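Here is how the chains run, residue by residue.
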Amino acid sequence: MRKFEKSQKLDYVCYDIRGPVMDEANRMIAQGVEILKLNIGNPAPFGFRAPEELLMKMNSNLVHTEGYSDSRGLLSAREAIVKYCRKKGIEEVGTDDVYTGNGVSELITLSMQGLLDSGDEILVPSPDYPLWTASVTLAGGTAVHYICDEAADWYPDINDIKSKITERTKGIVVINPNNPTGTLYSKELLEEIVKLCLENGLIIFADEIYDRLVLDGLVHTSIASLAPDLLTITFNGLSKSHLIAGYRCGWMSLCGDKSSARGYVEGINLLSSMRLCSNVPAQSVIATALEMEEETKKLLVPGGRIYEQREYIYEALNQIPGISATKPKAAFYVFPKIDIKRFGIYDDEKFVLDFLRDKKILLTHGGGFHWEKPDHFRVVYLPEMEQLKSACSRLKDFLTYYRQQ
């Protein structure tokens, strides 16, 4: 088993995960142009509202949450997270193994800074949630991207993962349900990944923020439940499932074999203490939120808003000549493919920039998720149905005349 000690230095690297398209959108907005944002998974602007009970709970807790909490988080919140982990089949988690954060984003960065030295490698999916690559880079490591195969329902290519494991590889990031593709991994696939990690002594970083946003009656399997002999760090939170993205309420839990990672855990404790604590009012609703999943489930079944909008966007995109899409099974994203030969596309960032300027709709290009070919873009299907219909109509019209060459 490899030994994972805390990093002795952090080589900071500037890494822009937004770029010129977002800059142009902000410039247009400042000039009074109305932009339809299909680029970010933020439910609030599109009429989604947190459950009233949750809002009332936070309101009543405010007078009791004015001070710092333990650096890991409120005990009541961590106890609720432990209970949730056990519900997911993750048994070896105690309250001292749980760290709350100002969203999962903060904890991703913290987990990388505590681990990596210059030249260390982390396997990251392509396409990915770009903060993973940014955080690895910021910590002085190298993100090595393994391919997710669109022809195989966007599942990770196990052979590609095998080919990219080296002596410098410290761990692997598994994003399930996946952002940006919306796919949900099978238990069998996760078991294959666990087997590889056991053979090579890798830490698993399991990004499961969308595990309560699963469609079609499917069931999410937490990879930590399959890997009791591996150090696995699972990331989750309330931003998406409970529609409170702005509250910044996330957590990570450590489980499995920590015997060779004592220095790493010490580093996590130190970094956690350095930022004092996460948002205490947001922590105070974790226990309540994890007991109330029915409001979310109503959105995910036939007649529910997320379900119906998923059905629409999938069908509408596939009816546009030159566009194809794999049906997402979770979250609220779809990652369509564009026929680059048909439209002469050699630069996907230019494509979404031209579309923004022409049709006033903001998308994210596939390269923003470290997808190498210029043939994909991500659509967030949170806006109301009429807005989605307008967006698809404008995209269809745009592609009747758009050519890069």
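Preceding block: the structure.
Turning next to the sheet that holds strand S15 (residues 377-380). A sheet is described by the order of its strands in space; here three strands give the open sequence S11-S15-S14, paired in antiparallel fashion. Here the strands that pair on one side only, and so sit at the sheet edges, are strand S11 (333-334) and strand S14 (364-365). For S14 and S15, the ladder comprises two bridges, and the chain directions are antiparallel. Pairing of His365 across the sheet is with Phe377, part of S15.

To continue, consider unusual backbone geometry. With omega at 5°, the peptide bond leading from Ser126 into Pro127 counts as cis. Counting through the fold element by element, Pro127 comes out in the loop between strand S3 (121-126) and helix H5 (130-138). Geometrically, the link from Asn176 to Pro177 is a cis peptide bond, its omega value of -5° lying close to zero. Position of Pro177 relative to the elements: it lies in the loop between strand S6 (169-175) and helix H7 (187-200). The backbone of Asp153 sits at a positive phi, close to 60°, despite the residue not being glycine. Mapped onto the elements, Asp153 comes out in the loop between strand S4 (142-149) and strand S5 (155-156). On the basis of relative accessible area, Asp153 is assigned to the partly exposed category, the value being 21%. Phi is positive for His370, close to 60°, though the residue is something other than glycine. Note that His370 resides in the loop between S14 and S15.

Further remarks concern helix H2 (residues 52-61). Along H2, the residues classified as buried are Leu54, Met58 and Asn61. Within H2, the buried residues cover an arc of 65° as seen down the axis, which keeps them to one side. Residues Glu52, Met56 and Asn59 are exposed on H2 and point more than 90 degrees away from its buried face. Its buried side turned inward, H2 meets helix H9 (280-283) and helix H10 (286-289).

Okay, the packing of helix H4 (residues 103-113) against H5 next. Between H4 and H5, whose axes approach to 8 Å, the crossing angle comes to 35°. For the crossing formed where H4 meets H5, the hand is right-handed. For the pair H4 and H5, contact is made by Ser105, Ile108, Thr109, Ser111, Met112 and Gln113 and by Leu131, Trp132, Ser135, Val136 and Leu138, respectively. When grouped by side-chain class, the residues that make up the contact of H4 with H5 number six nonpolar, five polar and no charged.

Once that is clear, we can look at the sheet that holds S4. Strand pairs in the sheet, formed through backbone hydrogen bonds, run parallel or antiparallel to each other. The eight strands lie next to each other as S2-S9-S8-S7-S6-S3-S4-S5, forming an open sheet whose pairing is mixed. Either end of the sheet is taken by a strand with one partner, and the two such strands are strand S2 (98-101) and S5. Judged from the three bridges that link them, S3 and S6 form a sheet pairing that is parallel. Considered in S6, the bridge of Leu123 is made with Ile172. Across the sheet, H4 is in contact with S2, S3, strand S7 (203-207), strand S8 (232-237) and strand S9 (250-255); its angle to S9 comes to roughly 40°. Packed onto the sheet, H7 meets S5, S6 and S7 and runs at close to 170° relative to S6.

Mapped onto the elements, Asn236 comes out in strand S8. Residue Asn236 is classed as buried on the basis of its relative accessible area of 3%. In this structure the side chain of Asn236 is engaged in a polar contact, spanning 3.2 Å, whose partner is the backbone oxygen of Glu208. For Asn236, the side chain forms a polar contact with the side chain of Arg212, separated by 3.3 Å. Residues in contact with Asn236, not counting those within four places in the same chain, are Tyr84, Val104, Glu208, Ile209, Asp211, Arg212, Gly250 and Trp251.

In this structure, Arg394 sits in helix H15 (residues 385-401). Given the relative accessible area of 25%, Arg394 is considered partly exposed. On a C-alpha basis, the gap between Arg394 and Ile361 in space is 8.7 Å, while along the polypeptide they are 33 residues apart. For Arg394, the contacting residues outside a window of four places in its chain are Leu36, Phe355, Lys359, Lys360 and Ile361.

With that settled, consider the packing of aromatic side chains. Enumeration according to the criterion identifies 15 aromatic pairs in this entry. Between Tyr210 and Phe332 the ring centres are 5.8 Å apart and the planes differ by 90°, which places this aromatic pair in the edge-to-face class. With Tyr210 in the loop between S7 and S8 and Phe332 in the loop between strand S10 (323-324) and S11, the pair connects residues that are 122 residues apart, well separated along the chain. Overall, the relative accessible area of 0% leaves Phe332 in the buried class. Arg305 extends its terminal NZ or CZ atom over the ring of Phe48, reaching a point 3.9 Å from the ring centre.

Counting 80 residues, the largest nonpolar core has Phe205 and Phe351 as the members making the most contacts within it. Per element, the largest residue contribution to this core is six residues, and it comes from H15. The residues contacting Phe351, other than those within four sequence positions of it, are Ile338, Ile345, Phe377, Leu395, Phe398, Leu399, Tyr402 and Gln404. One finds Leu123, Cys148, Ile204 and Phe369 within the second-largest nonpolar core, a separate group that totals 26 residues.

Cut-offs and rules
- Residues numbered from 1 in each chain as written.
- Predicted model: local features only at pLDDT ≥ 70, side-chain atom pairs only at ≥ 80, totals over all residues.
- Heavy atoms only, no water.
- Pairing = 2+ DSSP bridges.
- Helix = DSSP H or I, 4+ residues; strand = E, 2+ residues; numbered from the N terminus.
- Buried < 20%, exposed > 50% of the residue type's maximum accessible area, 1.4 Å probe, protein only.
- Arc of directions from axis to C-beta.
- Contact = heavy atoms within 4.5 Å.
- Axes fitted to C-alpha atoms, helices over the stretch in contact; angles between N-to-C directions.
- Left-handed = near helix turned anticlockwise from the far one by under 90°.
- Nonpolar A, V, L, I, M, F, W, Y, C, P; charged D, E, K, R; others polar.
- Polar contact = N/O pair within 3.5 Å; in protein donor to acceptor, adjacent residues only side chain to side chain.
- Phe/Tyr/Trp six-rings, centres within 6.5 Å; stacked < 30°, edge-to-face > 60°.
- Lys NZ or Arg CZ within 6 Å of the ring centre and 35° of its normal.
- Core = buried A, V, L, I, M, F, W, Y, C linked by side-chain atoms within 4.5 Å.

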